[in-house]
Amino acid sequence: MLNKRTLVLAVFVFVCGWILGSNKQPVRIITSSAGGASYDGGYRTTAGDKVAAVTKRLSTGIIHIINPGDSIQSVVEMSQPGDTIQVLPGIYSETVYIDKDDIHLMGVIDQGRRATLDGRGILNDAILYSGNNIIIENFHIKDYKGNGIMGQAGNNFEIRNNLIVDTGIYGIFPQLGINGLVEHNVVSGIADAAIYIGMSDNVHVAFNEVFDSVAGIEIENSRHAIVENNNAHNNTGGILAFVTPGLPIKSTEDVIIRNNFVSNNNTPNFGAPGSMVAGIPSGTGVLIMAADDVIIEGNIISNNQTSGIIISDHSYASNVTIDPHSEPNSDRTMILDNVMLNNGYDTIPEVMALALAELHTGPVDIVHAGPSEGSCINNRHRYQAVGIGNYENCDFTNTDNIRSYLLADGAEPRVISADDRGEIAYLGVCSGCHSFTGRLIGPPVPVIQAMYANNPEGLAKYINAPVKKRSNYPPMSAMSYLDAETQLAVAKYMLALRE
Amino acid sequence: MKSLYHFYGSLQGKGLGGMKAGLPPHRDGFSPEQIDLGRLLFFDPVLSGDNNLSCANCHNPSLGFSDGMGRSVGSGGRINKRSAPTLWNTAFLDTFFWDSRSPSLEDQALESLFAGDEMASTPVKLIDDLAGVDNYKALFKEAFPDHVRSESSAITVANVVSALAAFQTSLISLNSAYDRYALGDPSALTKNQVIGLNVFRSFVARCSQCHTPPLFTNQQLAVIGTPEPEGLPRDVGAAKTFSSNKLRGAFKIPTLRNIANTSPYMHSGRFSSLREAAEFYTKGRGHAVPENEKLNLHWHISEPNLSHDELDRLVDFMEALNDEAFMPVIPERVPSGLLTGLQPDILATSSGD
């Protein structure tokens, strides 16, 4: 018994001595970030120097001007893709929803006076969009209960130069979108994330100021995102990249967080109970949780009391569910040079316990909790770091050859040939009322073929604006929502159809 | 299966989105003969142990392929734990049963055919009963022509569940008023339905975060903490499937398509109307969870404080998700000659002339 205890003690002393020794005489590998290799992973794009998500219009549509007292929504409803809506300074109290493509909605700033969307604490969301190629800029948005600006599956979006104050759960929240730019926004007073990129791909978040919120900028269940040149201060947590388990998109991958100011994120957590961010310790600079291939580079991270950078797996988030399809670890975290000042000076028990296990005392700039594969860090001797014993030195020093992950030509629309278009529209729309053989709600296809033989244009015209022809049939509803190409394609398809 | 949603893609091909987002992958490629055989089997009580129950007893087409009951009644009057889910758009689903325990339509059918509290047959009895019906010999041979050695050899358990799966993949509902709005026709929804849509997708109510279009489910699990029917113990749900207490009370998020037809609502039918079901979400996070019960409630269960008007508008919107254009024809007679107990659909049977 005594022997066994002595043995354990001896092993303990040996391990401590080994760690102390390695701490006392670290081999300092000093890597200059002024030169060296650039990151050669990440999303391959041909976007080049251009940081834009909405392709420049070749021709302009109508410019609608909205004055205070007018309804923005009523103009959105009568506008066509390609139009621009300019909103003059003044107060507008409404929810604007854009369920069409290619609308530019912009406030006009006149000597500092903005178009203000005011939810008066009773409206849900300020702006919702589901269309592609949407630009929203120059608004002042305040006092909504849900979101300031929310996108649902809109691709190619630009959200720019908005001042957003206390709009509920999120300030700016594009979700399920591909290819978007969020820049030059000032967002504060948000109960979850000021800027929340949720389940989206190819996103660029730059030059924003986010403060007095629970989370500053969140990249969640998203891929190919760059977060750069932002100022995230006085939040509970500054910049976050993580996976929320239980969502249909299962991973966060390929994120670059670079050249941001991340400071004083010591605001007490006021997130809603049960929300993912409610578990963020106050005083968190950058948080990586279950996200893979994240690069942290060139940030100035200062005065965050819990830690400058926290990297962890899901086991440290007690409030999340389990999801067998979500991999819980943060793998391939890559920490390049960052300026770290006065972080982790008043940290949480969990971090203290990890530090203690490594006999680390004093402040903590960086803490990694949980398993990780393939992670690396340059110039580790500069930081007060815990839990990075298995980090290699990175074999690159910068991400200079990656300008953005935006797509040069925007998210590709699905290319459907005219023939396929005709078939899809026939089976998806027409066949509900017309069949080849018998009477359904409308006349049978051969009857239509006889009337419009060799005249698909005539049939397309009728589809667009039908008139009642038969007393014993109900009137057909207009198919004007199908675009002209689809109308003609389906007319040709229907006329060529054989049993 | 074709729909205008095929004009669009979606993030990572997952079939989730706002308006113009594509559909997720779906089961397809069954022959018309397989689908039609599946239809006849679906309505035929010969599939059950006592030849009294057909699939359609609990998945009744005129009740949204559900049964109007909180908890379904199986063989011998045995009351099930949970309600019968709708079969519309099951072609798109990855998992089956409320607790996600089954990975395919076929696997689901195997369980329901042979479970004592569902149809209570056995593989041997099922094949014997079917092989005793002359019509089925021919129908199985036509549907599964690879089995050429003898007429009866095509009648296998695998082919039975395959035909049932084939039939279910034909139950597509993607042409509701909502779909016409989403695909470009702004007049397809009433003013009140549009208001309801905006409540539905707002981040106050957050409905669309889980009931995500175009299917109106994101196919994930959620613990929402609805009360069980009076006197019944807590249903642990997916905690059993995944052996994790974090999923205690978790259920698969159901589609809302044709939801107006499938009252009562929730896994054991605690709420009798859509209005009540919607109201549950605004009564406060965990308001119906007993004090001694520990549930890891979903993060979207919050305190939205919806007004009475907003709840009414949500119901208006959910009613815009109805589309039963592909309602199958209920056979007047099934091959076994047994009575289906269901009224043949008069409209549907007259359309072929």
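Residues numbered from 1 in each chain as written. Chains lettered and ligands numbered in written order. Predicted model: local features only at pLDDT ≥ 70, side-chain atom pairs only at ≥ 80, totals over all residues.

Moving on to the overall build of chain B. The helix and strand inventory of chain B stands at 13 helices and two strands. Compactness check: chain B gives a C-alpha radius of gyration of 21 Å against a globular reference of 20 Å for 353 residues, within 12% of the reference. Expressed as lengths along the three principal axes of its C-alpha atoms, the size of chain B is roughly 65 × 50 × 40 Å. Split into buried and exposed, the 353 residues of chain B put 54% on the buried side. In chain B, once contacts between residues fewer than 6 apart in sequence are set aside, the share between residues at least 24 apart is 67%. (Helix = DSSP H or I, 4+ residues; strand = E, 2+ residues; numbered from the N terminus. Rg over C-alpha atoms; globule rule 2.2 N^0.38 Å. Buried ≥ 20, exposed ≤ 12 C-beta atoms within 10 Å, placed from the backbone. Contact = placed C-beta atoms within 7 Å.)

Attention now goes to the overall build of chain A. In terms of helices and strands, chain A carries seven helices and 33 strands. Summarising its shape, the C-alpha atoms of chain A cover approximately 100 × 55 × 45 Å along the three principal directions. The proportion of buried residues among the 499 residues of chain A is 51%. Here the contacts in chain A between residues at least 6 apart in sequence split such that 57% fall between residues at least 24 apart.

Now for the pairing of strand β28 (residues 307–312) of chain A. All names here are of chain A. Of all the six residues making up β28, six are buried; the element is thus mostly covered by neighbouring parts of the structure. Pairing geometry for strand β25 (residues 284–289) and β28, over five bridges, is parallel. For isoleucine 288, the partnering residue across the bridge sits in β28 and is isoleucine 311. (Pairing = 2+ DSSP bridges.)

If you look at the biggest cluster of nonpolar residues, it comprises 217 residues, and the most contacted ones within it are Ile195 and Ile257 of chain A. The contacts of isoleucine 195 of chain A, once residues within four sequence positions are left out, are Gly171, Ile172, Val182, Val187, Val205, Asn208, Val210 and Ile217 of chain A. If you look at the next biggest cluster of nonpolar residues, it comprises 16 residues, including Cys210, Val223, Ala239 and Leu295 of chain B. (Core = buried A, V, L, I, M, F, W, Y, C linked by C-beta atoms within 7 Å.)

Residues and elements named next belong to chain A. Counting through the fold element by element, alanine 215 comes out in strand β19 (residues 215–220). Residue classification places alanine 215 among the buried residues on the basis of 32 C-beta atoms within 10 Å. Here the alpha-carbon distance between alanine 215 and serine 282, two residues 67 residues apart in the chain, equals 9.9 Å.

We now examine the interface of chain B and chain A. Listed per partner, the contact involves 45 residues of chain B and 48 residues of chain A. Residue classes in the side of chain B that touches chain A are distributed as 19 nonpolar, 19 polar and seven charged. (Nonpolar A, V, L, I, M, F, W, Y, C, P; charged D, E, K, R; others polar.)

Before going further, it helps to examine the pairing of strand β6 (residues 115–118) of chain A. All names here are of chain A. Direction of pairing for strand β3 (residues 90–92) relative to β6: parallel, over a ladder of three bridges. Directly across from tyrosine 92, in β6, lies its bridge partner leucine 117. Alignment of β6 against strand β9 (residues 139–142), held across four bridges, turns out to be parallel. Paired with aspartate 118 across the strands is lysine 142, a residue of β9.

Once that is clear, we can look at the sheet that holds strand β20 (residues 223–228) of chain A. Residues and elements named next belong to chain A. Reading across the sheet, the twelve strands line up as β1-β2-β5-β8-β11-β14-β17-β20-β23-β26-β29-β32 and stay open at both edges, with parallel pairing between neighbours. Only two strands of the sheet have a single neighbouring strand rather than two, namely β1 (63–66) and β32 (376–377). By the bridge criterion, four bridges tie strand β8 (residues 134–137) to strand β11 (residues 157–160) in an arrangement that is parallel. Note on β11: the bridge partner recorded for isoleucine 134 is phenylalanine 157.

Here the focus is unusual backbone geometry. Following proline 213 of chain B, the chain continues to proline 214 of chain B via a peptide bond in cis, the omega torsion being 5 degrees. Looking along the chain, the bond that leaves serine 263 of chain B and enters proline 264 of chain B is cis, with omega of -5 degrees. Tracing the backbone through its elements, the reader meets proline 264 of chain B in the loop between β2 (250–252) and α11 (274–280). Of note in the backbone geometry, arginine 120 of chain A takes a positive phi value of approximately 50 degrees without being a glycine. Structurally, arginine 120 of chain A is set in the loop between β6 and β7 (127–129). Positive phi values are uncommon outside glycine, yet asparagine 89 of chain B reaches one of about 65 degrees.

Residues and elements named next belong to chain B. The set of residues buried in helix α4 (residues 123–131) consists of Leu126, Asp129 and Leu130. Along the axis of α4, the buried residues cluster in a sector spanning 95 degrees; they form a single face. Exposed residues lying more than 90 degrees from the buried face of α4 are Val124 and Asp128. Those residues of α4 that are buried lie in contact with α3 (105–114), α5 (134–143) and α6 (157–169). (Arc of directions from axis to C-beta.)

This next bit is on the environment of methionine 340 of chain A. Residue and element names in this part refer to chain A. Note on placement: methionine 340 falls in strand β30 (residues 339–341). For methionine 340 and isoleucine 300, which are 40 residues apart along the polypeptide, the C-alpha to C-alpha distance reads 6.1 Å. Sequence-distant contacts of methionine 340, that is, excluding residues within four places in its chain, are made with Ile301, Gly308, Asp365 and Tyr383.

Our next topic: the domain arrangement of chain A. What the domain assignment lists for chain A is domain 1 (63–386) and domain 2 (418–496). One C-alpha centre belongs to domain 1 of chain A, the other to domain 2 of chain A, and the line joining them spans 47 Å. (Domains from an automatic or database assignment.)

Summary statistics for chain A give a mean pLDDT of 90 and a share of 94% for residues scoring 70 or more. Low pLDDT (under 50) marks residues 1–22 of chain A, which in the prediction has four contacts with non-local residues, meaning those over four places away or in another chain. (pLDDT = per-residue confidence, 0-100.)

Moving on to the confidence of the model for chain B. Averaged over every residue, the pLDDT of chain B is 92; residues scoring 70 or more account for 95%. At the level of chain-chain contacts, confidence expressed as ipTM amounts to 0.90, with global pTM at 0.90.

All names here are of chain B. Running from amino to carboxyl end, helix α1 (residues 32–42) crosses α5 at an angle of 145 degrees, the nearest separation of the two axes being 8 Å. The two elements α1 and α5 cross, and the hand of that crossing is left-handed. On α5, the residues that touch Glu33, Gln34, Leu37 and Leu40 of α1 are Leu139, Phe140, Glu142 and Ala143. Considering only residue class, the contact of α1 with α5 consists of five nonpolar, one polar and two charged. (Axes fitted to C-alpha atoms, helices over the stretch in contact; angles between N-to-C directions. Left-handed = near helix turned anticlockwise from the far one by under 90°.)

Residues and elements named next belong to chain B. Domains assigned within chain B are domain 1 (31–172 + 326–350) and domain 2 (177–319). Measuring from the centre of the C-alpha atoms in domain 1 to the corresponding centre in domain 2 gives 28 Å. On the domain 2 side, the residues contacting the 22 residues of domain 1 number 23 residues.

As a further point, take the sheet that holds strand β12 (residues 163–165) of chain A. All names here are of chain A. Pairing in this open sheet of ten strands is parallel, and the strands run β3-β6-β9-β12-β15-β18-β21-β24-β27-β30 from one edge to the other. A single partner strand is all that each edge strand has here, and the edge strands are β3 and β30. Within this sheet the neighbouring strands show an average axis-to-axis angle of 10 degrees, counted without direction. Looking at chain direction, strand β24 (residues 261–263) and strand β27 (residues 300–302) are connected through three bridges and run parallel. Paired with serine 263 across the two strands is serine 302, which belongs to β27.

This next bit is on the packing of helix α6 (residues 456–464) of chain A against helix α7 (residues 484–496) of chain A. Residues and elements named next belong to chain A. α7 packs onto α6 with a crossing angle of 120 degrees between their chain directions and a minimal axis gap of 8 Å. The angle between α6 and α7 falls in the class oblique. Along this stretch, α6 crosses α7, giving a crossing that reads as right-handed. Mapping the contact onto sequence places Pro456, Glu457, Leu459, Ala460, Ile463 and Asn464 in α6 and Gln487, Leu488, Ala491, Lys492, Met494 and Leu495 in α7. Among the residues forming the contact of α6 with α7, the class breakdown is eight nonpolar, two polar and two charged. (Parallel < 35°, antiparallel > 145°, perpendicular 65-115°, else oblique.)

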